[in-house]
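One-letter residues, chain by chain:
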Amino acid sequence: MYVRHLLAATSAYTMSAGRIGSSVAALLGLAGVIIGGLALARPASRIGTGSGRLGATVALVAGLIGIALGGLVVATSDSGIGTGNGRGGGYVALVVGLTAVVLGGLALVRSRRTV
């Protein structure tokens, strides 16, 4: 009976380490998507004092960190989606982080091409 209690899913309101990790990773990826989109829309934007390279670089770094954290959560979770281990959020962080890397890379290529 005690073993069955340990295998039960986490409550919907409990913030486990996996949920926190995947939330941080997804938020970093989302920040990278927003900054990468702004850098892509305006290559010489007002993100910093230089050209759009800073925004593109920030988007790349945020996306890569989001991918790494999301991958870590997915690799270390021991249960499926919906059990409270953060696996679903880890997958979301992987997709959002990859989107941030692509947008940041496109913005970086565009900023190098226009200079």
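What comes next is a walk through the structure. What you are looking at is a predicted structure, and each value in this text was computed from that prediction instead of being measured. (Residues numbered from 1 in each chain as written. Predicted model: local features only at pLDDT ≥ 70, side-chain atom pairs only at ≥ 80, totals over all residues. Heavy atoms only, no water.)

On to the overall build of the protein chain, then. Across its full length, the protein chain carries four helices and zero strands. Ordered by position from N to C terminus, the α and β elements of the protein chain give α-α-α-α. Split into buried and exposed, the 115 residues of the protein chain put 32% on the buried side. Sequence separation of at least 24 residues holds for 65% of the intrachain contacts in the protein chain that already meet a minimum separation of 6. (Helix = DSSP H or I, 4+ residues; strand = E, 2+ residues; numbered from the N terminus. Buried < 20%, exposed > 50% of the residue type's maximum accessible area, 1.4 Å probe, protein only. Contact = heavy atoms within 4.5 Å.)

To continue, consider the nonpolar core. Core analysis: the biggest nonpolar cluster contains eight residues, these being Ala39, Leu40, Ala56, Leu60, Val101, Leu103, Ala107 and Leu108. For this core, the element with the most residues is helix α4 (residues 87–114), which contributes four residues. Excluding anything up to four places from it in sequence, Leu103 contacts Val33, Gly36, Gly37 and Leu40. (Core = buried A, V, L, I, M, F, W, Y, C linked by side-chain atoms within 4.5 Å.)

Looking at the element boundaries, Ser77 is found in the loop between α3 (53–76) and α4. A distance of 3.5 Å separates the side chain of Ser77 from the backbone oxygen of Val74, its partner in a polar contact. Excluding its chain neighbours within four sequence positions, the residues that come into contact with Ser77 are Asn85 and Arg87. (Polar contact = N/O pair within 3.5 Å; in protein donor to acceptor, adjacent residues only side chain to side chain.)

Let's shift gears to the packing of helix α2 (residues 17–41) against α3. Packed helices, taken two at a time, are described by their axes: the angle between them and the distance between them. Here α2 crosses α3 at 155°, and the two axes come no closer than 8 Å. If you check the angle between α2 and α3, you find them roughly antiparallel. Along this stretch, α2 crosses α3, giving a crossing that reads as left-handed. Together, Gly18, Gly21, Ser22, Val24, Ala25, Leu28, Gly29, Gly32, Ile35, Gly36 and Ala39 of α2 and Gly55, Ala56, Val58, Ala59, Ala62, Ile65, Gly66, Leu69, Gly70 and Val73 of α3 make up the contact between the two elements. For the contact of α2 with α3, a count of residues per class yields twelve nonpolar, nine polar and no charged. (Axes fitted to C-alpha atoms, helices over the stretch in contact; angles between N-to-C directions. Parallel < 35°, antiparallel > 145°, perpendicular 65-115°, else oblique. Left-handed = near helix turned anticlockwise from the far one by under 90°. Nonpolar A, V, L, I, M, F, W, Y, C, P; charged D, E, K, R; others polar.)

A few words now on α3. Taking 1.5 Å per residue as the helical rise, α3 with its 24 residues ought to reach 34 Å, and the 34 Å between its terminal C-alpha atoms agrees with that figure. Three or more residues of α3 are buried, namely Gly55, Ala56, Ala59, Leu60, Ala62, Gly63, Gly66, Gly70, Val73 and Val74. (Expected span 1.5 Å × (residues − 1).)

This brings us to the environment of Val102. Checked against the element boundaries, Val102 lands in helix α4. In this structure Val102 comes out as partly exposed when scored by relative accessible area, which is 46%. Taking the C-alpha atoms as reference points, Val102 and Ala59, 43 residues apart in sequence, are found 9.0 Å from one another.

Interpretation in functional terms is not warranted from these geometric data alone.
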